[in-house]
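Remarks on the overall topology
As a plain string of letters, each chain reads:
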Amino acid sequence: MAVVNALRTAGRTVLRNPIILLATALLGVVQLPQLLAQSINSVLVGLFSLVLSLLLLFVTPFFQAGLIGMANEAIDGRTRFGTLVSEGKDHYVPVFGVYLLIMAVSIAVGIGVAVAAFAGIGTVLATGGEPSVTMLAVFRRRHSFYPPVLTGA
């Protein structure tokens, strides 16, 4: 029920303040050249895409902070485009910090998954795809589905 109420509030807020959609569309327009550049296969276009990605790394937190401020203001009444700029300036550093933290965690998890995948592939290649007795013993000991043996009872 809370989700339905939140969606209802969001819908009424956007209908009352369509400027929020305009600000969101502005972020989409900023990202559009990069999406179009991906369809062209050229070194220069790849360099352009890299530069635009770096630019978006710094611009996206500004838009996110501004849009959150606009949405917060719009719930209570009317919002304006100036709120995007003022809230973006006021809250850029904390949102950018969280953005970098999320990216660092994502990279760390990705590296962990890649290391685990290479270790698994390396194990399969080293054993020729056959299970080793040592691995079976370790797996059996740690993941035993049998009840422990009761001695002296």
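Residues numbered from 1 in each chain as written. Predicted model: local features only at pLDDT ≥ 70, side-chain atom pairs only at ≥ 80, totals over all residues. Heavy atoms only, no water.

1. Considerations on a nonpolar patch on the surface
A surface patch of nonpolar side chains, amounting to about 430 Å² of accessible area, comprises Leu100, Met103, Ile107, Ile111 and Val115. With respect to the element layout, isoleucine 107 can be found in helix H5 (residues 92-127). (Patch = residues over 30% accessible without salt bridge, like charges linked within 9 Å, V, L, I, M, F, W, Y side chains within 5 Å. Areas by Shrake-Rupley, 256 points an atom, 1.4 Å probe, with all protein chains shown as cover. Salt bridge = Lys/Arg side-chain N within 4 Å of Asp/Glu carboxyl O. Helix = DSSP H or I, 4+ residues; strand = E, 2+ residues; numbered from the N terminus.)

2. Let's talk about the packing of helix H3 (residues 43-76) against helix H4 (residues 81-90)
Orientation of H3 relative to H4, taken along the N-to-C sense of each, is 125 degrees, at an axis distance of 7 Å. Put simply, H3 runs oblique to H4. Seen along the crossing, H3 lies across H4 with a hand that is right-handed. Where H3 abuts H4, its residues Phe62, Phe63, Ala65, Gly66, Leu67, Gly69, Met70 and Glu73 lie against Thr83, Leu84, Val85, Glu87, Gly88 and Lys89. For the contact of H3 with H4, the per-class residue count stands at 7 nonpolar, 4 polar and 3 charged. (Axes fitted to C-alpha atoms, helices over the stretch in contact; angles between N-to-C directions. Parallel < 35°, antiparallel > 145°, perpendicular 65-115°, else oblique. Left-handed = near helix turned anticlockwise from the far one by under 90°. Contact = heavy atoms within 4.5 Å. Nonpolar A, V, L, I, M, F, W, Y, C, P; charged D, E, K, R; others polar.)

So yeah, pure geometry; function would need other evidence.
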